[in-house]
Amino acid sequence: MIKLLTQPNSTRKLPQAIILTLILTSLLACGMGITNNNTSVAVPTTEQRQTSANKLPKSISRKLLRDASKRSGLKTRDLKITQVTTKTFGNPCAFQFGEICTREYRPIPGWEVVVKVKDKSWTYHVNKSGSQIILDPKVSTNQLPKSIADKILRDAAQRSSLPINAIKITQSTQKTFSNACVLNFGEICTQQYDPVEGWVVIVKVKNQSWTYHTDKTGSSVVLDPKINATLKN
């Protein structure tokens, strides 16, 4: 285009309308080039920034999946993290899924993570360093350690005078008891939060269902005192 304009003789032979058309075409082409260059360095969108902020470190992801694998009995490759949300938990009670927590503000930054286990979704709370990984106690993993299961069955057999093979554990649910009083089926307990991790276990004895509370190690195995009272009578 520039070469054409610098040749006076050639220009005189072209109609003025064609020259104007060529000039406009050249200007439009330059404008499109500038637009394309600008879009190539666009600022990341809010959605992109959020995805980056919510990214869970690989070391924590592996640790979390190993925990879910151990509880579910599945291999880690059969589990999938489906959602990660950055979150600041108000205090340790809220972080540990406490149902009744004070308004005390002792923030714990971390993540809320959802893991797909077969057709279920398990929710975890994880602190920033990954040193604490807490599964929602409402999730039933049914992975009661055999040593604790055997201890409960022996206790139920002794109380009922039935052979162990006539007794069956029908349900086991992980639970974080707010304190030792609640673990022991206390009817009047303080609101002190001194968490005890463990299980609620249902045992079928003849046509009855007995409820046990046990801590994580199985050192405390407690039968619902209402059941115990009927046995004594």
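From a predicted model like this one, the values you see are computed outputs, not experimental measurements.

A. Quick look at the side chain of Thr173. You can see Thr173 is positioned in strand S5 (residues 167–177). We classify Thr173 as buried; its relative accessible area is 15%. Among the polar contacts listed, one links the side chain of Thr173 to the side chain of Gln171, at a separation of 3.4 Å.

B. Molecular detail of the environment of Arg71. On the secondary structure map, Arg71 appears in helix H5 (residues 58–72). A relative accessible area of 15% places Arg71 in the buried class. Distance from Arg71 to Pro145, taken between C-alpha atoms, is 9.6 Å for residues 74 residues apart in sequence.

C. Broad picture of the state of the cysteines. Evaluated as defined, the whole model comprises two disulfides. Here Cys93 pairs with Cys101 through a disulfide, and the sulfurs are 1.9 Å apart. Residues Cys93 and Cys101 are joined by a disulfide whose S-S torsion is about -75°; by sign, that bridge is left-handed. Between the sulfur atoms of Cys181 and its disulfide mate Cys189 the distance is 1.9 Å. Taking the torsion about the sulfur-sulfur bond, which here is approximately -75°, the covalent link between Cys181 and Cys189 counts as left-handed. Owing to a relative accessible area of 28%, Cys181 belongs among the partly exposed residues under this scheme. Note on Cys189: relative accessible area 26%, which makes it partly exposed.

Rules used throughout
- Residues numbered from 1 in each chain as written.
- Predicted model: local features only at pLDDT ≥ 70, side-chain atom pairs only at ≥ 80, totals over all residues.
- Heavy atoms only, no water.
- Helix = DSSP H or I, 4+ residues; strand = E, 2+ residues; numbered from the N terminus.
- Buried < 20%, exposed > 50% of the residue type's maximum accessible area, 1.4 Å probe, protein only.
- Polar contact = N/O pair within 3.5 Å; in protein donor to acceptor, adjacent residues only side chain to side chain.
- Disulfide = S-S within 2.5 Å.

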